[in-house]
Amino acid sequence: MALPLLAAYPAAPGNIRGKAHIWRAGAYSFSDELGGLRILGVSGSGRKEDPFVVRQEFTSSSPAIMVIRAAAPIRPFDQSGAFASGFMHMRVVVVNNSGQAWVEFEFELQELYLQPSVFGDGLSFDQRRSDSDNISSDSFAQFSRDFEPYDRLRFRDGKVDPLATAGFSFLITDFTPRSQFYLLQDPRIPSS
């Protein structure tokens, strides 16, 4: 049953334009090397007052994965922005160039490629906090979080028309910081 799921995900390097983009901001780098999306720009330090802002484009409504790597030494809980600390305030801005309207958008963290994140890996959308101060979208009114066996953040109750832009804000925490992890992004279209 896993084979149909794997077929929906990027299988080989190379983005939608055929050339991978690797952008560095703060202590991390962001890459579209697995395909399905194109990073247009990255800025910020990842701190709450200066979040990473990742601008990207989707040309289909299929799931795509961004690779995130530590680009500086790892120092857990460091707040200077000079080290990969395991705390990343994010703002993801997505251009819908798929030709289809999106009615939901989901993010999933993966410590290992195409494997669900589990509680023991320490990677989550700020799982230790029950409030939602760090989670928002300018295109969707509601969100839900799933923690086990996945770390997912699903935005719903909204719409992103073709050629429109949607923004999402959230906090990624990794209490056992790794040098590389994955952010799966899945735009959802209406079912017929």
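Remember, it's a predicted structure, so these values are computed and weren't measured experimentally.

What about the nonpolar core?
So, step 1. Formed by 36 residues in total, the largest nonpolar core has its most connected members in Phe-30, Met-88, Met-90, Phe-107, Phe-168, Phe-170 and Ile-172.
So, step 2. Beyond its immediate sequence surroundings of up to four residues, Phe-170 is in contact with Met-88, His-89, Met-90, Val-92, Phe-107, Phe-125, Asn-134, Ile-135, Leu-153 and Leu-183.
So, step 3. Residues Leu-34, Ile-65, Val-67 and Leu-184 belong to the second largest nonpolar core, which totals five residues.

Considerations on the sheet that holds strand S5 (residues 64-70)
So, step 1. The strand order across the open sheet built from seven strands is S1-S2-S5-S13-S7-S11-S10, with neighbouring strands paired in antiparallel fashion. Lying at the two open borders of the sheet, with one neighbouring strand each, are strand S1 (22-25) and strand S10 (140-146). Here the strands of the sheet are splayed against their neighbours by 20° on average, with no regard to which way each runs.

Remarks on the confidence of the model for the protein
So, step 1. Considering every residue of the protein, the mean pLDDT works out to 86; 88% of them sit at 70 or more.
So, step 2. When the criterion is pLDDT under 50, residues 1-17 qualifies, and its contacts beyond four places in sequence or with other chains add up to 34 contacts.

Thoughts on the side chain of Glu-111
So, step 1. With respect to the secondary-structure elements, Glu-111 resides in the loop between strand S7 (104-110) and strand S8 (123-124).
So, step 2. Residues contacting Glu-111, with those up to four places away along its chain left out, are Asp-121, Leu-123, Arg-178, Gln-180, Phe-181 and Tyr-182.

Details of the environment of Ser-117
So, step 1. Mapped onto the fold, Ser-117 is located in the loop between S7 and S8.
So, step 2. Along the primary structure Ser-117 and Phe-147 are separated by 30 residues, whereas in three dimensions their C-alpha atoms are 8.4 Å apart.
So, step 3. Residue contacts for Ser-117: discarding those within four places in its chain leaves Leu-109, Gln-110, Leu-123, Phe-147, Pro-149, Tyr-150 and Asp-151.
So, step 4. A distance of 3.3 Å separates the side chain of Ser-117 from the backbone oxygen of Leu-123, its partner in a polar contact.
So, step 5. Engagement of the side chain of Ser-117 in a polar contact is seen with the side chain of Asp-151, the distance being 2.7 Å.

With respect to the packing of aromatic side chains
So, step 1. Tallying each qualifying case throughout the model produces 18 aromatic pairs.
So, step 2. A centroid spacing of 5.1 Å and a plane angle of 50° characterise the contact between Phe-105 and Phe-107, whose relative ring orientation is tilted.
So, step 3. Accessibility expressed as a relative area gives 0% for Phe-105, which makes it buried.
So, step 4. On the basis of relative accessibility, which here comes to 0%, the residue Phe-107 falls in the buried class.
So, step 5. Taking 4.9 Å as the distance between ring centres and 55° as the angle between the ring planes, the aromatic pair formed by Phe-107 and Phe-170 counts as tilted. Of this pair, Phe-107 sits in strand S7 while Phe-170 is found in strand S12 (residues 165-174), placing the two residues 63 residues apart along the sequence. We note that Phe-107, like Phe-170, is buried.
So, step 6. Grouped by ring-pair contacts, the aromatic residues Phe-58, Trp-102, Phe-105, Phe-107, Phe-125, Phe-140, Phe-143, Phe-155, Phe-168 and Phe-170 constitute a single cluster.

Re the pairing of strand S13 (residues 180-188)
So, step 1. Among the nine residues that make up S13, seven are buried, leaving the element largely enclosed by the rest of the structure.
So, step 2. Sheet topology note: the S7/S13 ladder contains seven bridges and is antiparallel. Counted as the bridge partner of Glu-108 is Leu-184 from S13.

What counts and what doesn't
Each residue is numbered by its place in its chain's sequence as written, counting from 1. Local features in this predicted model are restricted to residues whose pLDDT is 70 or higher, and side-chain atom pairs enter the listing and the counts only when it is 80 or higher, whereas totals over whole chains, interfaces and linings include all residues. Only heavy atoms go into the side-chain values, all of them from the structure, while hydrogens and water stay out. Residues belong to a common nonpolar core when they are buried Ala, Val, Leu, Ile, Met, Phe, Trp, Tyr or Cys residues joined through side-chain atoms within 4.5 Å. Burial here depends on accessible area, computed with a 1.4 Å probe over protein chains only, as a share of the maximum for the residue type. Under 20% is buried, over 50% is exposed, and the range in between is partly exposed. Here a residue-residue contact requires only that any non-hydrogen atoms of the pair lie within 4.5 Å. Two strands are said to pair when DSSP picks up at least two bridges between them. Numbering of helices and strands starts at the N terminus; helices are DSSP runs of H or I of at least 4 residues and strands are runs of E of at least 2. Throughout, an axis means a line fitted to C-alpha atoms (over the contacting stretch in the case of helices), and angles, computed between N-to-C directions, take values from 0 to 180 degrees. Scored from 0 to 100, pLDDT records how confident the predictor is in each individual residue. Any pair of nitrogen or oxygen atoms within 3.5 Å is treated as a polar contact; in protein, a donor-acceptor pairing is required on top of that, and neighbouring residues in sequence qualify only through side-chain atoms on both sides. Ring pairs are drawn from Phe, Tyr and Trp, using the six-membered ring of Trp, whenever the two centres fall within 6.5 Å, and their geometry is named by plane angle: stacked under 30 degrees, edge-to-face over 60, tilted for the rest.

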